[in-house]
Amino acid sequence: MRKILSLCSLVLFALAGQAIAGANTAQLNCTGSHAGQVLTLVGDIPASIVEVDLKLSYHGQTIRLASPEAETSESTDFRHGIFRLDAALSGSNRLQLQAKPKSIKYKGSMGAGKLNASFGAILKDAPEPFKAALKGAALSCIYTYEV
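Residues numbered from 1 in each chain as written. Predicted model: local features only at pLDDT ≥ 70, side-chain atom pairs only at ≥ 80, totals over all residues. Heavy atoms only, no water.

Draft legend 1. Region of the structure containing the nonpolar core. With 35 residues, the main nonpolar core has Leu-28, Phe-83, Leu-95, Leu-97, Phe-119, Leu-134 and Tyr-143 as its most contacted residues. At the level of secondary structure, the elements contributing two or more residues to this core comprise strand E1 (25–34), strand E2 (37–46), strand E3 (53–58), strand E4 (61–66), strand E6 (82–90), strand E7 (93–99), strand E9 (114–125) and strand E10 (138–146). Top contributing element to this core by residue count: E9, with 5 residues. (Core = buried A, V, L, I, M, F, W, Y, C linked by side-chain atoms within 4.5 Å. Buried < 20%, exposed > 50% of the residue type's maximum accessible area, 1.4 Å probe, protein only. Helix = DSSP H or I, 4+ residues; strand = E, 2+ residues; numbered from the N terminus.)

Draft legend 2. The arrangement of the pairing of E9 in detail. Sheet topology places E7 next to E9; 4 bridges connect them, and they run antiparallel. When the bridges of E9 are listed, Ala-99 appears paired with Ala-121. Direction of pairing for strand E8 (residues 105–109) relative to E9: antiparallel, over a ladder of 5 bridges. Bridging across to E9, Lys-105 finds its partner in Ser-118. Linking E8 to E9, which pair antiparallel, is a turn of 4 residues; within it Gly-113 sits at a positive phi near 95°. (Pairing = 2+ DSSP bridges.)

Draft legend 3. Quick peek at the side chain of Thr-76. By the secondary structure assignment, Thr-76 is in strand E5 (residues 71–77). A polar contact of 2.6 Å, which involves the side chain of Thr-76, links it to the side chain of Glu-74. (Polar contact = N/O pair within 3.5 Å; in protein donor to acceptor, adjacent residues only side chain to side chain.)

Written as structure tokens, this is what we have:
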């Protein structure tokens, strides 16, 4: 009986702070400037990553990255300095956003139903027509999640 209880405690501990499939949506709000122009990436990221809806704006143009047109994946573990978002529109036309691990500051956890995080991030890749201009652009991001 003690082994079962210990195993249950270990599983619950491992799940703390992780996203729960089908849970509520997180909001992502990233801003910055690049080559003297305002750059924003804002939108919703569902915990199940099924219906992502993001808007990337730069130099008076906006691109919408939304499901099902954009295949998306997210890796989030703020406790270990991880946040990465990938959205592929087609082939090499993709957006890749990665947090600078040491910049992540957070309070709460997804497992507890409320999380607020802030971090600096880099656009590792940007979709057309921004691909050449924005690769490597720096952003300041706020990520909020509440059930």
